[in-house]
Amino acid sequence: MSDALPPGSTIGILGGGQLGRMLGLAAARLGFHVHVYDPAEAPPAGEVARHTTTARWDDAAALTAFAQGVDVITYEFENVPTDALDILESHRPIRPGREALRVSQDRLTEKAWLADLGLAVAPFAPVNDLDELNAALGRIGTPAILKTRRFGYDGKGQVRLDAGTDPAAALAALDGAPAILEGHVQFEREISVIGARALDGRVACYDPGENRHEGGILRETRVPATLTNPRLTDAVLVAGKILNALDYAGVIGVELFVTDTGLVVNEIAPRVHNSGHWTQAGCLIDQFEQHVRAIAGWPLGDGDRHSDVVMENLIGDDMDRVTRIAAEPKAALHLYGKAETRPGRKMGHVNRRT
Ligand code: AMP
């Protein structure tokens, strides 16, 4: 463990949302300091960080000063601009590494990379204009989903195409952004594997969680997922294969569709993941601490599931229920300290032991 950062070292986190906040809390528990970098004023993670830099992603001086003041750099979202990463990486290691960001920043690159690895993905084709969309529809058919290649999250930047949908209107809805058409996967359920890989290459995966989305936003994750043992093994093997191929350090979220013929990879997120929040109540070492351990060169912790959990996201007006939830037995509430409640905005979550 010669690469291990000692307690008292500083972890730099790019992005100060709720994931950065929970990473910060886990880092503090292990005696690390946290420095958050976010273009927005007063980000949720700022409240649990020793330092916060408020600066844009193209502010070279701020990026340089930030990097020089930390020992390792990690991130809570995958869309940090490449130029910013170049500056940061010239000073300090970025973990997980650049390959994971390159692959996951662009849905087309991601799908092609996963397919090259021998993993099953939905049929897909690049779409830059109406001709390409019509050609892709001819090959893939409907139902299909047109997605922007970059910057999509929580179902944003996606249009479903059915037999009667006008392709031109679907394309217009994405404002001309480079896109990918994906065949609609007929899935039985959606699961995700939260995996971790240490600097020395050791891999540990949490039990797969079963996810339910509403309106493109994750509503609930439950463990254990309804899965046969062979499928459960398949899911963990898929995550391990991805982690090794990326020579990864840190926690990853791998979203999978369970179909009657096997697992299909939907997408990967090179960071802690909303569908891994259940680990806070279900495991001795949760995904946030596991990530901090991995990027700090520490041994991975015990991620065995000791309890069954249902994680419910608290979105928008769900905040009205928090005092009632706080009174529930076997429920642990996590609020993100966001000043403003908006429809569709993730405000917190609750882990219920079942
Ligand atoms: P994504 O942003 O790609 O994770 O998509 C959000 C949600 O839309 C997924 O969790 C699925 O419920 C659904 N979805 C996305 N892509 C597909 C697909 N190719 N086939 C079926 N459902 C999909």
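Data block above holds the structure.
Residues numbered from 1 in each chain as written. Predicted model: local features only at pLDDT ≥ 70, side-chain atom pairs only at ≥ 80, totals over all residues. Heavy atoms only, no water.

Peer 1: Even after reading the chapter, I still don't get the packing of aromatic side chains, so can you show me in this structure?
Peer 2: What describes a pair of aromatic rings is the distance from one ring centre to the other and the angle between the planes of the rings. Across all of its chains, the model carries 6 aromatic pairs by this definition. Here the aromatic rings of Tyr 37 and Trp 57 are separated by 5.1 Å at their centres, their planes lie at 25 degrees, and the arrangement is stacked. Placement of Tyr 37 in strand S2 (residues 33–38) and of Trp 57 in the loop between strand S3 (51–54) and helix H2 (60–68) is noted, with a sequence separation of 20 residues between them. Each member of the pair, Tyr 37 together with Trp 57, is buried. With a centroid separation of 4.9 Å and an interplanar angle of 5 degrees, the aromatic rings of Phe 187 and Phe 257 are classed as stacked. One end of the pair, Phe 187, is in the loop between strand S8 (179–183) and strand S9 (189–197); the other, Phe 257, is in strand S13 (residues 250–259), and 70 residues separate them in sequence. By relative accessible area, which is 10% here, Phe 257 ends up buried. Taken together, the ring pairs connect Tyr 37, Trp 57, Phe 66 and Phe 77 into an aromatic cluster. (Phe/Tyr/Trp six-rings, centres within 6.5 Å; stacked < 30°, edge-to-face > 60°. Helix = DSSP H or I, 4+ residues; strand = E, 2+ residues; numbered from the N terminus. Buried < 20%, exposed > 50% of the residue type's maximum accessible area, 1.4 Å probe, protein only.)

Peer 1: Help me out: how do you make sense of helix H3 (residues 82–89) in this one?
Peer 2: Think of an α-helix as 3.6 residues a turn; residues three or four steps apart then line up on the same face. For H3, every residue scored as buried is listed here: Ala 84, Leu 85 and Leu 88. The buried residues of H3 occupy an angular sector of 100 degrees when the element is viewed end-on, so they sit on one face. Looking at the buried residues of H3, the elements they touch are strand S1 (10–14), H2, strand S4 (72–75) and helix H4 (98–104). (Arc of directions from axis to C-beta. Contact = heavy atoms within 4.5 Å.)

Peer 1: Sorry, what's going on with the pattern of salt bridges here?
Peer 2: When the charged atoms of two side chains with opposite charge come close together, those side chains can pair. Under the definition given, this model contains 30 salt bridges. Ionic pairing is found between Arg 271 and Glu 78, a salt bridge with its closest N-O pair at 2.6 Å. One end of the pair, Arg 271, is in the loop between strand S14 (262–269) and helix H9 (279–282); the other, Glu 78, is in the loop between S4 and H3, with 193 residues separating them in the sequence. No difference in accessibility class separates Arg 271 from Glu 78, as the two residues are buried. We note a salt bridge from Lys 111 to Glu 182, for which the minimum N-O separation is 3.0 Å. Linking Lys 111 in helix H5 (residues 107–116) with Glu 182 in strand S8, this pair joins segments that are 71 residues apart in sequence. Put simply, Arg 219, Glu 312, Asp 318, Arg 321, Glu 328 and Arg 352 are held in one network by salt bridges that share partners. (Salt bridge = Lys/Arg side-chain N within 4 Å of Asp/Glu carboxyl O.)

Peer 1: Would you explain the sheet that holds S1 in this entry?
Peer 2: Within a sheet, neighbouring strands are paired by backbone hydrogen bonds and run either parallel or antiparallel to one another. Spatially, 4 strands are ordered S3-S2-S1-S4 in an open sheet, and the strand pairing comes out parallel. On the outer flanks of this sheet lie S3 and S4, each paired with one strand and no other. Ignoring which end each strand starts from, the neighbouring axes of this sheet average 20 degrees apart. Relative to S1, helix H1 (residues 18–29) is tilted by about 170 degrees, and along the sheet it contacts S1 and S2. (Pairing = 2+ DSSP bridges. Axes fitted to C-alpha atoms, helices over the stretch in contact; angles between N-to-C directions.)

Peer 1: Even after reading the chapter, I still don't get the side chain of His 273, so can you show me in this structure?
Peer 2: With respect to the secondary-structure elements, His 273 resides in the loop between S14 and H9. For His 273, the side chain forms a polar contact with the side chain of Glu 255, separated by 3.1 Å. In contact with His 273, other than residues within four places in its own chain, are Ile 194, Gly 253, Glu 255 and Gln 287. (Polar contact = N/O pair within 3.5 Å; in protein donor to acceptor, adjacent residues only side chain to side chain.)

Peer 1: Would you mind going over the side chain of Glu 312 with me for this structure?
Peer 2: Structurally, Glu 312 can be placed in strand S15 (residues 309–315). Of the polar contacts made by the side chain of Glu 312, one reaches the side chain of Arg 219; its length is 3.1 Å. In terms of polar contacts, Glu 312 uses its side chain to reach the side chain of Arg 352, at 2.8 Å. Non-local contacts of Glu 312, meaning those with residues more than four positions away in its chain, are made with Arg 219, Arg 321, His 349, Val 350 and Arg 352.

Peer 1: How should the site of the ligand be read in this particular structure?
Peer 2: Taken together, 15 residues form the shell around the ligand, and within it Lys 147, Gln 158, Val 185, Glu 190 and Glu 267 come nearest. The contact in question runs from a nitrogen atom of the ligand to an N or O atom on the backbone of Val 185, over 2.8 Å. One of the side-chain nitrogen or oxygen atoms of Glu 255 is found 3.4 Å away from an oxygen atom of the ligand. Protein chains bury 91% of the 480 Å² of accessible surface belonging to the ligand in isolation. Mapped by element, the contributors of at least two residues to the shell around the ligand are strand S6 (144–148), S8, S13 and S14. Of the residues belonging to the shell around the ligand, the class tally is 4 nonpolar, 5 polar and 6 charged. (Near = heavy atom within 4 Å. Areas by Shrake-Rupley, 256 points an atom, 1.4 Å probe, with all protein chains shown as cover. Nonpolar A, V, L, I, M, F, W, Y, C, P; charged D, E, K, R; others polar.)

Function-wise, these values are silent; they only describe arrangement.
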